[in-house]
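One-letter residues, chain by chain:
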Amino acid sequence: MASSSLRMIDIAVNFTDSMFKGIYNGRQCHVADIPAVLTRAWTAGVDRIIVTGGSLEESKEALAIAETDGRLFCTVGVHPTRCKEFEESGSPEGHFQALLSLAKEGVEKGKVVAIGECGLDYDRLHFCPSEIQKKYFEKQFELAEAVKLPMFLHMRAAAEDFYSILVQNRDRFIAGVAHSFTGSAEDRDKLLQFDNLFIGVNGCSLKTAENLEVVRGIPVDRMMIETDSPYCEIKNTHSGINFVKSTWSSKKKEKYDRDCTVKGRNEPCFVRQVLEVVAGCKGIGDTDQLSNTLYHNTCRIFFPHDLDSVADTLLAGGHNAQ
Ligand SMILES: [Zn+2]
């Protein structure tokens with residue numbers, strides 16, 4: 001399966017999701033299986049994974065998972081739809097301090113590589129009203145500032161507010177990625193105006209012909225790839241499906257087989273399909289070189305200390321892809 005020099009980092013994996021414990025809609029369908037999922041990912045050419053934290057509790061769990069393997073890392077932060085937890089904790093400042101000390105602990109362990117996911121999600125205001133989302137999105141710049149980490153950003157249907165909060169806080173964060181990008185060409189161009197911002201592309205970014213057109217306009221040196229698994233898989237009905245080359249045999253969750261993927265559950269090996277669709281829609285023939293460019297972008301932002309050791313060789317061969 002793995003080809004010669006294909007090398008990928010999946011920057012968004014929700015390993016804390018119950019589906020990776022075998023639980024779907026509250027029902028146990030199979031055993032917890034992160035080790036089997038990881039084996040498939042490493043075989044596919046993935047060599048690092050960033051596990052997403054979306055609340056204080058989830059960030060603790062993400063860090064615990066990241067500590068189980070040298071190739072796993074994580075984020076610490078609160079997702080826009082979960083920002084009510086600051087106030088529900090009884091002490092927003094205490095909650096913030098708990099996030100800060102978790103982030104510091106994770107940095108010391110070499111595991112926490114970003115603050116997030118944080119941002120704005122106006123598609124799901126029923127979970128958290130926009131005023132609270134904005135307030136605690138801003139608050140999390142304080143975290144990024146304190147630990148000097150890049151930001152792992154989430155934006156849905158909130159481009160204007162998101163953009164103006166970024167502008168107001170632009171000196172408070174060193175870099176960031178707007179992950180799971182599904183916005184318009186206009187949204188994309190606004191983000192690209194920040195020279196320290198990258199755009200994360202996954203299956204949700206590649207659903208329609210219009211999506212592909214937007215992705216075509218993201219320069220490869222400003223892009224990262226991800227799965228956002230267990231969500232955002234590339235489906236047969238999606239526009240980019242014809243560019244997909246790599247497939248895995250899959251079984252329904254009720255007929256679980258550890259050597260197969262689970263139908264309907266995305267997992268990090270599929271980041272390879274994201275790479276293939278990006279290459280296809282941009283007309284890039286050399287997938288290996290594209291993977292090297294994206295790998296280098298990701299290292300530069302999230303793994304700068306390792307850049308010399310892991311990415312020097314990639315710089316030489318991987319910088320001309322477009
Ligand atoms: Zn997200």
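The structure we're discussing is the one just above.
Below: a short report on this structure. (Residues numbered from 1 in each chain as written. Predicted model: local features only at pLDDT ≥ 70, side-chain atom pairs only at ≥ 80, totals over all residues.)

### Quick notes on the pairing of strand 9 (residues 197–201)
Point 1. Of all five residues in strand 9, five are buried; the element is thus mostly enclosed.
Point 2. Both faces of strand 9 are covered, namely the face carrying Leu197, Ile199 and Val201 and the face carrying Phe198 and Gly200.
Point 3. In this sheet, strand 9 lies alongside strand 8 (residues 176–179) in parallel orientation, the contact comprising three bridges. Bridge pairing in strand 9 places Gly176 opposite Leu197.
Point 4. Assessed by its sense of winding, the connection that carries the chain from strand 8 through helix 7 (residues 185–192) to strand 9 is right-handed.
Point 5. The parallel pair strand 9 and strand 10 (residues 223–225), bridged by helix 8 (residues 209–216), forms a crossover whose chirality is right-handed. (Buried ≥ 20, exposed ≤ 12 C-beta atoms within 10 Å, placed from the backbone. Helix = DSSP H or I, 4+ residues; strand = E, 2+ residues; numbered from the N terminus. Pairing = 2+ DSSP bridges. Right-handed = clockwise from strand over helix to strand, strands pointing away.)

### So, unusual backbone geometry
Point 1. Cis geometry is found at the peptide bond from Gly116 to Glu117, where omega equals 5°.
Point 2. Cis geometry marks the peptide bond from Ser229 to Pro230, where omega comes out at 10°.
Point 3. Position of Pro230 among the secondary structure elements: in the loop between strand 10 and strand 11 (250–251).
Point 4. For Asn25, which is not glycine, the phi dihedral falls at a positive 50°.
Point 5. Locating Asn25 in the fold gives a position in the loop between strand 2 (23–24) and strand 3 (27–28).
Point 6. In this structure Asn25 comes out as exposed when scored by C-beta crowding, with 7 C-beta atoms within 10 Å.
Point 7. For Ala157, which is not a glycine, the phi torsion comes out positive at approximately 50°.
Point 8. One can find Ala157 in the loop between strand 7 (151–156) and helix 6 (159–168).
Point 9. For Ala157, a count of 14 C-beta atoms within 10 Å corresponds to the partly exposed category.

### Considering the sheet that holds strand 9
Point 1. The eight strands are arranged 1-4-5-6-7-8-9-10 in an open sheet whose pairing can be described as parallel. In the strand order of this sheet, the two ends are held by strand 1 (8–13) and strand 10, each with one partner. On average, each strand axis in the sheet is tilted by 30° relative to the strand beside it, whichever way the strands run.
Point 2. Lying over the sheet, helix 4 (residues 92–108) contacts strand 5 (72–76) and strand 6 (112–121), oriented at roughly 160° with respect to strand 5. (Axes fitted to C-alpha atoms, helices over the stretch in contact; angles between N-to-C directions. Contact = placed C-beta atoms within 7 Å.)

### Overview of the pairing of strand 6
Point 1. Most of strand 6 sits inside the fold, with ten of its ten residues counted as buried.
Point 2. Across three bridges, the pairing between strand 5 and strand 6 is parallel. In the strand pairing of strand 6, Cys74 is matched with Val112.
Point 3. Bridge count between strand 6 and strand 7: six bridges; the pairing is parallel.

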